[in-house]
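Reading the structure
What follows is each chain in one-letter form.
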Amino acid sequence: MSEQPLNPTPAGSPDAPSTDGTPTGPARNDAAAEAKPTGSTAAGALADATTEETTAAEEAAALRAASFERARRLRMEPRFPGGPAADPAGSHHERRIRSFQPRRSRVTTGQQESLERLWPKWGLDIDGKRVLDPAELFDGLPVVLEIGFGMGEATAQMAADDPGTGILAVDVHTPGQGNLLGLADKAGSTNVRVANGDAVILLREMLAPESLDGLRVYFPDPWPKARHHKRRLIQPDFLDLVAPVLKPGAIVHCATDWEPYAEQMLEVLTAHPRFENTAADGGYAPRPAFRPLTRFEGQGLDKGHVVHDLLFARV
């Protein structure tokens, strides 16, 4: 006689084993419950991984945005407290073609000292928020506007040679601004003011009609590539801004060593109804004695470049 379990499970009971040994009833359900989550677990893991990737991407985007904002604020902050602003007319948010590109080059110790000491006295930002009185800036002297002065050597020399004329010199190059202030101070010249920013905003918004006695544009960027010619400063629209702020008879004096640009200057100035060529033959003029030979010009002459001067009177 075979042994029987002490508490045999009835054959029809839900807990009775099947004939092939597979659990039945609750036991089978428990086993199935343990085996079933395989697919759902993988899906859940995939969802978790996707969530982690999304979170990481959002964090990276937030870090990039914060970095861009820090860079923007840095550009907006002046490099020297009390000195020229990094973007004086930033509130304008203008979308237009510009003839210059701001450069934040290295500033020497001497240039920094000049900026910190002399900018409050002789410097101003072109912010488009006020109208300047050039005569008041220079105690009643006749005033010429110079756009783009590089490192300021020629401007400082012209100021020293002609103390009876005020020079309102505009540029965006911080080392050049500091250098010009230092040169003027060393020479004892008090007839120089350095304006920081976009000359177009100065002409359009900050100068009263017939308030200037002349304009000087020496060796502006020629933008030699054809697709960049639209960036050249001497254009009909620019002259439309210049003419109203010049007094009758005021001289526009341009100089360049780039032959194609000289030809364009001559063409544009000749065609404008508010300007008249002072050269009898309607062409280029000899270099006036008051315009010094600059280092940049000397380098061009050494390379065989021909320098052209143009002098046009406002009519």
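Look up a bit, the structure's there.
Residues numbered from 1 in each chain as written. Predicted model: local features only at pLDDT ≥ 70, side-chain atom pairs only at ≥ 80, totals over all residues. Heavy atoms only, no water.

As a further point, take the overall build of the protein. Counting secondary structure elements, the protein contains 10 helices and 8 strands. Split into buried and exposed, the 315 residues of the protein put 39% on the buried side. Long-range pairs, those at least 24 residues apart, make up 78% of the contacts in the protein between residues at least 6 apart in sequence. With an accessible surface of roughly 17900 Å², the protein has 55% of that area assigned to carbon and sulfur atoms. (Helix = DSSP H or I, 4+ residues; strand = E, 2+ residues; numbered from the N terminus. Buried < 20%, exposed > 50% of the residue type's maximum accessible area, 1.4 Å probe, protein only. Contact = heavy atoms within 4.5 Å. Areas by Shrake-Rupley, 256 points an atom, 1.4 Å probe, with all protein chains shown as cover.)

Inspection of the entire model under this criterion finds 7 salt bridges. A salt bridge links Arg314 to Glu210; the shortest N-O distance between them is 3.7 Å. You can see Arg314 sitting in strand 8 (residues 308-314) and its partner Glu210 sitting in the loop between helix 7 (199-205) and strand 5 (212-218), a full 104 residues away along the chain. For Glu210, a relative accessible area of 41% translates into the label partly exposed. (Salt bridge = Lys/Arg side-chain N within 4 Å of Asp/Glu carboxyl O.)

For helix 9 (residues 259-271), which comprises 13 residues, the first-to-last C-alpha distance of 18 Å matches the rise-based estimate of 18 Å (1.5 Å per residue) to within 8%. Inspection of helix 9 places Tyr261, Ala262, Gln264, Met265, Leu266, Val268 and Leu269 among the buried residues, and these make up the whole buried set. Contact partners of the buried residues in helix 9: helix 8 (236-245), strand 6 (246-256), strand 7 (275-277) and strand 8. (Expected span 1.5 Å × (residues − 1).)

Our next topic: the pairing of strand 3 (residues 166-171). Among the 6 residues of strand 3, 6 are classified as buried, and the element is accordingly described as predominantly covered. Here strand 3 shows no split at all, with Gly166, Leu168 and Val170 on one side and Ile167, Ala169 and Asp171 on the other all buried. Note on the crossover from strand 2 (residues 143-147) through helix 5 (residues 153-161) to strand 3: the handedness is right-handed. As defined by bridge partners, strand 3 adjoins strand 4 (residues 192-196) across 5 bridges and the pair is classed as parallel. Each residue of the ladder has a partner; that of Ala169, found in strand 4, is Val194. (Right-handed = clockwise from strand over helix to strand, strands pointing away. Pairing = 2+ DSSP bridges.)

Okay, the sheet that holds strand 3 next. Taken in spatial order, the 8 strands of this open sheet run 1-4-3-2-5-6-8-7, and their pairing is mixed. At either margin of the open sheet sits one strand with a lone partner, and together these are strand 1 (123-125) and strand 7. Taking the axes of each pair of neighbouring strands and ignoring which way they run, one obtains an average angle of 25° across the sheet. Taken together, the 6 bridges between strand 5 and strand 6 define a ladder with parallel strand orientation. Bridging across to strand 6, Val217 finds its partner in Cys254. Contacting strand 3 and strand 4, helix 6 (residues 174-187) crosses the sheet at an angle of about 170° to strand 4. (Axes fitted to C-alpha atoms, helices over the stretch in contact; angles between N-to-C directions.)

Quick look at the packing of aromatic side chains now. Scanning the model with the defined rule gives 0 aromatic pairs in all. Over the ring of Trp122 we find Lys121; its NZ or CZ atom is 4.6 Å from the centre of that ring. Against the face of Phe138 rests Arg193, its NZ or CZ located 4.9 Å from the ring centre. (Phe/Tyr/Trp six-rings, centres within 6.5 Å; stacked < 30°, edge-to-face > 60°. Lys NZ or Arg CZ within 6 Å of the ring centre and 35° of its normal.)

For the rest of this paragraph, the subject is the environment of Leu269. Examined against the element boundaries, Leu269 turns out to sit in helix 9. Sequence separation between Leu269 and Gln235 is 34 residues; the distance between their C-alpha atoms is 8.4 Å.

The subject of this paragraph is the nonpolar core. Among the nonpolar cores identified, the biggest contains 39 residues, and Leu145, Leu202 and Phe238 are the most heavily contacted of them. Those elements that place two or more of their residues in this core are strand 2, strand 3, helix 7, strand 5, helix 8, strand 6, helix 9 and strand 8. Among residues more than four places away in sequence, those in contact with Leu202 are Ile126, Leu132, Leu145, Leu168, Val170 and Leu207. (Core = buried A, V, L, I, M, F, W, Y, C linked by side-chain atoms within 4.5 Å.)

A word on helix 3 (residues 109-122). Over its 14 residues, helix 3 runs 19 Å from end to end, which matches the ideal 20 Å to within 8%, given 1.5 Å per residue. At Glu116, helix 3 shows its largest bend, some 35°, and a proline, Pro120, comes one to four positions later. Turning to helix 3, its buried residues number three or more, namely Gln111, Ser114, Leu115, Leu118, Trp119 and Trp122. On its buried side, helix 3 packs onto strand 1, helix 6 and strand 4. (Bend = angle between axes of the 7 residues up to and from the residue.)

Viewed as axis vectors pointing N to C, helix 5 and helix 6 meet at an angle of 25°, and their least axial separation amounts to 9 Å. By the angle between their axes, helix 5 is roughly parallel relative to helix 6. The interaxial crossing formed by helix 5 with helix 6 has right-handed handedness. Packed against helix 5, whose contacting residues are Glu153, Thr155 and Ala156, the element helix 6 presents Leu180, Leu183 and Ala184 at the interface. (Parallel < 35°, antiparallel > 145°, perpendicular 65-115°, else oblique. Left-handed = near helix turned anticlockwise from the far one by under 90°.)

Okay, the pairing of strand 6 next. Once you follow strand 5 into helix 8 and on to strand 6, the crossover reads as right-handed. Bridge count between strand 6 and strand 8: 6 bridges; the pairing is antiparallel. Across the sheet, Ala255 pairs through a bridge with Asp309, a residue of strand 8.

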